[in-house]
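Coordinate analysis (summary)
If you want the building blocks of each chain, they are given just below.
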Amino acid sequence: MDKARRHSVQDEQQSELDSGRSVEQESGGVIRQRNERAILAAAERIFAQHGYRGTSLQQIAEQAGMPKSNLLYYVGSKRKLYVRLLERTMTRWNVMLDNISADDDPAEVLSAFIRSKMQISRQHPESSRLFASEILGGAPFLQEYLRGELRDWVLSRSAVFKIWADRGLMDPVDPVWLIFLIWSSTQHYADFEAQVLGITGRDALSDDDLEDITRFLTRMVLKGCGVKTVEPSQ
């Protein structure tokens, strides 16, 4: 075989090897994502039902359909898995406010935030209850996050709210209390579902119920904060 042909064959072989590795890596990535989703879903259910101390990694592994050794490979420890779930909950809740600016319309921003929080509480009620349980227990696993990353996030959002107030787009309400109010009011329908269903005589809240609640909360918050819609520039 001449030199040029030999190089061509080597190149083709290397290409096949690279392609094989790429497919293998992609397959491995898909498998990892699928397993992690199964672990997080199982852990969220069991932690929400039994709390941190009442939950074992063996229970989560069985619920996720894998050996405990595989579970530990993905999550490291029970504590890391628990904290990861709690932080994921806050990320889900707050993503709507991550990129707001003083140039945004406060009516649109707050309305979208309330709607998003209501939808997430409906889609992930166990996540909301898990977080509430942690906070009611004194947040032993979240102190660093609450006093660090989350505190910084709240203060940076508050700065935008204050600018809106300075511009006359809303009343000068305390923005930190406002964020607390929206968090608590939207989570209520997941965290205290039994109370809500018992008093209203329902077996479950319907989509229409959630829409009515969302509109009610939006109206109360916007009116209570004196929010005004930004007039389009000429």
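Before any of the text, the structure's been laid out above.
The structure displayed is predicted, hence computed values, not measured ones. (Residues numbered from 1 in each chain as written. Predicted model: local features only at pLDDT ≥ 70, side-chain atom pairs only at ≥ 80, totals over all residues. Heavy atoms only, no water.)

**Some points on helix α8 (residues 175-191)**
- Here α8 spans 23 Å end to end across 17 residues, near enough to the 24 Å set by a 1.5 Å rise per residue.
- What α8 keeps buried is the set P175, L178, I179, I182, W183, S185, T186, Q187 and A190.
- Buried-residue contacts for α8 involve α4 (78-94), α5 (106-123), α6 (125-136), α7 (143-166), α9 (193-200) and α10 (207-224).
- Capping of α8 at its N-terminal end is provided by D174; its side-chain oxygen lies 2.9 Å from the backbone amide nitrogen of V176. (Helix = DSSP H or I, 4+ residues; strand = E, 2+ residues; numbered from the N terminus. Expected span 1.5 Å × (residues − 1). Buried < 20%, exposed > 50% of the residue type's maximum accessible area, 1.4 Å probe, protein only. Contact = heavy atoms within 4.5 Å. Polar contact = N/O pair within 3.5 Å; in protein donor to acceptor, adjacent residues only side chain to side chain.)

**A closer look at the packing of aromatic side chains**
- One pass over the structure, following the stated rule, counts ten aromatic pairs.
- Judged by centre distance (4.3 Å) and plane angle (45°), the rings of Y52 and F141 are tilted. Here F141 lies in the loop between α6 and α7 and Y52 lies in the loop between α1 (3-50) and α2 (57-64), a separation of 89 residues in the sequence. Grouping residues by exposure puts Y52 and F141 together as buried.
- Ring geometry for W177 against F180: centres 5.7 Å apart, planes inclined by 35°, an arrangement best described as tilted. (Phe/Tyr/Trp six-rings, centres within 6.5 Å; stacked < 30°, edge-to-face > 60°.)

**A few points about the nonpolar core**
- Ranked by size, the top nonpolar core spans 60 residues in total, and within it F47, I60 and L81 carry the most contacts.
- Looking at this core element by element, the count peaks at eight residues for α7.
- Ignoring any residue separated from it by four or fewer positions in sequence, one finds L81 in contact with I39, L40, A43, F47, L57, I60 and V75. (Core = buried A, V, L, I, M, F, W, Y, C linked by side-chain atoms within 4.5 Å.)

**Things to note about α2**
- For α2, the full list of buried residues reads L57, I60, A61 and A64. In an axial view of α2, the angular spread of the buried residues amounts to 100°, which keeps them on one side of the axis.
- Where α2 terminates, the next one or two residues include G65, which has phi positive at roughly 75°. (Arc of directions from axis to C-beta.)

**A short note on the environment of R122**
- Among the secondary structure elements, R122 is positioned in helix α5.
- Along the backbone, R122 and T186 are 64 residues apart, and their C-alpha atoms lie at a distance of 9.6 Å.
- Dropping the residues within four chain positions of it, R122 is found in contact with L205, S206, D207 and L210.
- A polar contact is formed between the side chain of R122 and the backbone oxygen of L205, at a distance of 3.0 Å.
- Only 3.0 Å separates the side chain of R122 from the side chain of D207, close enough to count as a polar contact.

**What to know about the packing of α8 against α10**
- At their nearest, the axes of α8 and α10 sit 11 Å apart, and the two run at 165° to each other. Taken together, the axis directions place α8 and α10 in an arrangement best described as roughly antiparallel. Considering the relative orientation of α8 and α10, their crossing is right-handed. Residues L178, L181, I182, S185, T186 and Y189 of α8 lie in contact with α10, whose contacting residues are I213, L217 and V221.
- In the contact of α8 with α10, the residues fall into seven nonpolar, two polar and no charged. (Axes fitted to C-alpha atoms, helices over the stretch in contact; angles between N-to-C directions. Parallel < 35°, antiparallel > 145°, perpendicular 65-115°, else oblique. Left-handed = near helix turned anticlockwise from the far one by under 90°. Nonpolar A, V, L, I, M, F, W, Y, C, P; charged D, E, K, R; others polar.)

**Here we look at the side chain of K117**
- Locating K117 in the fold gives a position in helix α5.
- Of the side chains with opposite charge, D191 comes closest to the buried, unpaired K117, at an N-O distance of 7.8 Å.
- Ignoring any residue separated from it by four or fewer positions in sequence, one finds K117 in contact with W93, W183, T186 and Q187. (Lys, Arg positive; Asp, Glu negative; His and termini not counted. Salt bridge = Lys/Arg side-chain N within 4 Å of Asp/Glu carboxyl O.)

**Overview of the pattern of salt bridges**
- For the coordinates displayed, the defined rule picks out ten salt bridges.
- With a shortest N-O distance of 3.0 Å, E44 and R88 are connected by a salt bridge. Separated by 44 residues along the polypeptide, E44 in helix α1 and R88 in helix α4 bring together distant segments of the chain.
- Accessibility expressed as a relative area gives 7% for E44, which makes it buried.

Note that all results are geometric; they support no functional claim without further evidence.
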